[in-house]
Amino acid sequence: MDKNYTSYGECRCCLVKGYHRDIMKEYYVNGTREVYIDIFMECFNLFLSTNKQISALICVSCVQKLKEANSFRLLVISSEEQLLDSITDKETVFVNVGVQSEVKTELQGDVKVEQDDSVFDCEEFLCDEVITETKDEEIVDREAEILSRFPFTNKLPDRRSLYTTCKGFVTHLDLLEGKLVLPKMIAKLLENDSGRSSKKIFVTEKMAHIHNASTLLEYSNATPFKSKNRSGFPCFFCRSIHDSLDKLKEHQSKAHKRTEIKKILATYGAECLVVYVDITDLKCTICDSDVPSLNELREHLMKIHKKKIHLEYTDRVIPFKLSTNSIYECQVCRFNFETFGSIERHMNVHYRNYVCNQCGTGFVTKYRLKVHMKSMHVGGAYPCDICKKVYTTQQKHKNHVDTVHKMIKRFKCTKCPERFSEYFRRQKHLVEVHGLAPLHYKCNVCDKAFDRRYTLSRHMKRDHLEERDYQCQLCSYKCFTNNELSVHMIKHNGERIHECSVCNKSYARKKTLREHMRIHNNDRRFSCAVCGQSFVQKCSLKGHVKTHHTDYVVQ
C-alpha cells in the first residue's frame, strides 16, 4: 500500500471506503506538488465544501481520473493557443473564465456568448466601461476581470459581503440611505476640477466613539458619572458631587438632559475619551424592557430599534454597579474589589483597546497607554539630589522626596487627626485603633486571603497559574517579576563589588556575601530533622537528605 494513503474513510467522490488521501493536503509525486481541492477548482471551477462533517478523502482511482481530466484540459488549452497563434488576419477576443482567470482566445465571429442579466446590471452600476458588440448579441466588457477580483465565487459581491470586501464604498451607500439623489446634485459635485466634495464622507474614530456612547446613554437609564472619589459620586455633566447614587440620579433627571451628552463628549480628546456608567437596573427607555448588560443593550438597540452603532470601533463605555457597601463587582468576570480605584484599574484587563508592545499590558484609552510607556519603559529623567535614585516622572520624584526624605505624612485617618506616610499603615491603624474590618483579598482557588491586591496577584501567578512571564535573554532562566529578573541579571553582567574581609572572595550581590559569611562564623542554621546534622546552606541540607534519607522531603 502506498504510504501516502494512510487515512481510512469514505472517498469524497465515489463513496468507496478504504485508505485514501486527503484532498486538503499537499503531496509530491515525481517532484510535482499536488493539492486535489485546487485541481478541482482549476479543472471544473468546482469549489468543494470544507465542512468538517463531510469526508475530505479521495481514493487512488478518483485521483487518477482527476489527473487525466486535468491533463486533457491542459492539452486543449495548449492546442487552442497553438492554433490561434497561426492565425494573423483575424481579430481575437480574450475572455477570463471563472476565478482562475485563464485565457481562452476565440474567434470573435465564431462564438455566441450567453449574457447573464443579473451580472450585466451590476457591471453597468459599478463601471462606465463601453459595452462591445458582436454580430449576434452584447457582452459586458472586462466583466471577467471584475469577477476575478473576488476569489472562490462566480458572482459579484452583494450588499452584505461589501462590508468586508469594500468597506469604504458601502459606508458611502449607508450615508445615502433614504435620500433622494437628483441629477443636479451630481452635477454640483462634478463642478470642482478635483471631482471631490468638500463634505466629509467617513466618520472619524472620535465621532464614532461619541455616537456610540451617546446612543447607549440616550436610549437607556444608565447613569454616567466621573471617576468616583472619597467625597462621593461626581456628576458626569456638571461634576457636582453627591453623597449617594440615588441623589446623583435624581440630580441628573432634574438638572440635565440626555441630549447634552454628545456636546460634552465633543470636548474630550480622542485619546482619553471614556465614559463610566452605572448599570444598576438597566432598562431600554424606548420600550421600557429590562436589559441585563451593556452588550445586550447594544444588540437590543441595533436589532429591535434599528439604531446605528459603529461596531468596528472599540468600546469606550465602561459598566459599573455602584454599591453602598463599598464592594464593587466587575460586570465582566464578577470579581469583587474593595475600592473603586482597584476596579477602575482592573477594567483595563477586559477593555484592551490599546496594548503595550513591550510588556503586553492592555489599556482602555491611548492616553493610559502613553502614561504607562512613560512611567514603565522610558528611562528616568528625575534624579533625587539626596539618594541619587532616578524616577520616570516628576510626580514619582516628588512622592519619593516627600515620603522618604521630608517624612511628609499625606495619608490622614478618616476617624482621627493621625497621619501616615503610607496607605497600608493607615489601613492598619483603622483596623487596630478604630475597629474597621481589615481588607482581605480572597483567592478563589485555594481560599487563602491577603491584605494587598499585589500579594494576591503574585500568589495566583506563582501557585496556580505558574506564569513565568519574564525570560532571561542570556540563559533559560524564567521568573515571575521584573525585580526577580533584575536580581538574576547580576549573575551575567554584575560587577563583584562585595568582597569578603576574611578570604577576599568577591560577589556581585550583597545577599550572597552574607550567606558566604556563615561559613566563617560557623553559622549552621539548617539542621537535618532525621539525624540532627547541621549545615551552613540549605542546598547542602537538601543534598544530605537526598543521599542519606531518601524517604524524607525537606520543606
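For the structure given in this document, a descriptive report is provided here. (Residues numbered from 1 in each chain as written. Predicted model: local features only at pLDDT ≥ 70, side-chain atom pairs only at ≥ 80, totals over all residues. Heavy atoms only, no water.)

1. Things to note about the pattern of salt bridges
Here the structure, examined in full by the defined rule, presents 11 salt bridges. Here Arg298 and Asp315 are joined by a salt bridge, their closest N and O atoms 3.2 Å apart. Placement of Arg298 in helix 11 (residues 294–303) and of Asp315 in the loop between helix 11 and strand 12 (317–320) is noted, with a sequence separation of 17 residues between them. On the accessibility criterion, Asp315 (27% relative accessible area) is partly exposed. For Glu484, the salt bridge goes to Arg462, with nearest N and O atoms at 2.2 Å. Placement of the pair is Glu484 in helix 17 (residues 482–493) and Arg462 in helix 16 (residues 453–465), with a sequence separation of 22 residues. (Salt bridge = Lys/Arg side-chain N within 4 Å of Asp/Glu carboxyl O. Helix = DSSP H or I, 4+ residues; strand = E, 2+ residues; numbered from the N terminus. Buried < 20%, exposed > 50% of the residue type's maximum accessible area, 1.4 Å probe, protein only.)

2. Some points on the nonpolar core
Core analysis: the largest hydrophobic core is formed by 40 residues, its most contacted members being Leu265 and Phe320. If you list the elements that add at least two residues to this core, you get helix 8 (205–218), helix 9 (245–255), helix 10 (260–265), strand 11 (275–278), helix 11, strand 12 and helix 12 (340–350). The element best represented in this core is helix 8, accounting for four residues. Counting residues in hydrophobic clusters, the runner-up holds 12 residues, among them Tyr27, Tyr36, Ile39 and Val63. (Core = buried A, V, L, I, M, F, W, Y, C linked by side-chain atoms within 4.5 Å.)

3. A look at helix 15 (residues 423–432)
Those residues of helix 15 not exposed but buried are Arg426, Gln427, His429 and Leu430. Down the axis of helix 15, the sector holding all buried residues measures 160 degrees, keeping them to one side. Counted as exposed and oriented over 90 degrees from the buried face of helix 15: Lys428 and Glu432. For helix 15, the elements touching its buried residues are strand 19 (411–412) and strand 20 (419–420). (Arc of directions from axis to C-beta. Contact = heavy atoms within 4.5 Å.)

4. Things to note about the sheet that holds strand 5 (residues 57–58)
Taken in spatial order, the three strands of this open sheet run 1-2-5, and their pairing is antiparallel. Taken across any chain shown, the strands that pair with only one partner, and hence form the sheet edges, are strand 1 (7–10) and strand 5. (Pairing = 2+ DSSP bridges.)

5. Some words on the sheet that holds strand 11
The mixed open sheet is built from three strands, whose spatial order is 8-11-12. Edge positions in the sheet fall to strand 8 (223–225) and strand 12, since each of these pairs with one other strand and no more. Within the sheet, the average angular offset between the axes of one strand and its neighbour, ignoring direction, is 35 degrees. Summarising the sheet, strand 8 and strand 11 pair through three bridges and their orientation is antiparallel. If you follow Phe225 over to strand 11, its bridge partner there is Tyr276. Those strands touched by helix 8 are strand 8, strand 11 and strand 12, and its axis lies near 15 degrees from that of strand 11. (Axes fitted to C-alpha atoms, helices over the stretch in contact; angles between N-to-C directions.)

6. Remarks on unusual backbone geometry
The backbone of Leu15 shows a phi angle near 65 degrees, a positive value even though the residue is not glycine. Relative to the elements of secondary structure, Leu15 occurs in the loop between strand 1 and strand 2 (17–22). The phi angle at Arg239 is positive, at roughly 65 degrees, despite the residue not being glycine. Mapped onto the secondary structure, Arg239 falls in the loop between strand 9 (233–234) and strand 10 (241–242).

7. Remarks on the side chain of His20
Counting through the fold element by element, His20 comes out in strand 2. A distance of 3.4 Å separates the side chain of His20 from the backbone oxygen of Gly9, its partner in a polar contact. (Polar contact = N/O pair within 3.5 Å; in protein donor to acceptor, adjacent residues only side chain to side chain.)

8. Let's talk about helix 9
Looking only at helix 9, the buried set comprises Leu245, Leu248, His251 and Gln252. Buried residues of helix 9 fall within an arc of 120 degrees about the axis and therefore sit on the same side. Residues of helix 9 that are exposed and angled more than 90 degrees away from the buried face: Asp246, Ser253 and Lys254. Here the buried face of helix 9 lies against strand 8, strand 9, strand 10 and strand 11.

9. Some details on the side chain of Asp278
Counting through the fold element by element, Asp278 comes out in strand 11. On the basis of relative accessibility, which here comes to 1%, the residue Asp278 falls in the buried class. A distance of 3.1 Å separates the side chain of Asp278 from the side chain of Thr280, its partner in a polar contact. Ignoring sequence-local partners within four residues, the contact set of Asp278 consists of Ala222, Thr223, Phe225, Leu245, Lys249, Phe320, Lys321 and Leu322.

10. With respect to the environment of Cys330
Turning to its location among the elements, Cys330 is positioned in the loop between strand 13 (328–329) and strand 14 (336–337). Relative accessible area serves as the criterion here: at 0%, Cys330 is assigned to the buried category. Counting along the chain gives 17 residues from Cys330 to Met347, while the straight-line C-alpha distance between them is 7.8 Å. Look past the residues within four positions of Cys330 in its chain and what remains in contact with it is Phe335, Phe337, Ile343, His346, Met347 and His350.

11. Quick look at the packing of aromatic side chains
A complete count under the given rule lists 11 aromatic pairs for this structure. Ring centres 6.1 Å apart and planes at 70 degrees place the aromatic pair Tyr276 and Phe340 in the edge-to-face group. One end of the pair, Tyr276, is in strand 11; the other, Phe340, is in helix 12, with 64 residues separating them in the sequence. Each member of the pair, Tyr276 as well as Phe340, carries the same accessibility label: buried. Taken together, the aromatic side chains of Phe225, Tyr276, Phe320 and Phe340 make up a single cluster linked through ring pairs. Sitting over the ring of Tyr27, Arg21 keeps its end group 4.9 Å from the ring centre. (Phe/Tyr/Trp six-rings, centres within 6.5 Å; stacked < 30°, edge-to-face > 60°. Lys NZ or Arg CZ within 6 Å of the ring centre and 35° of its normal.)

12. Concerning the environment of Ser244
Relative to the helices and strands, Ser244 resides in the loop between strand 10 and helix 9. Between the C-alpha atom of Ser244 and that of Gly232, which follows or precedes it by 12 residues, the distance is 6.8 Å.

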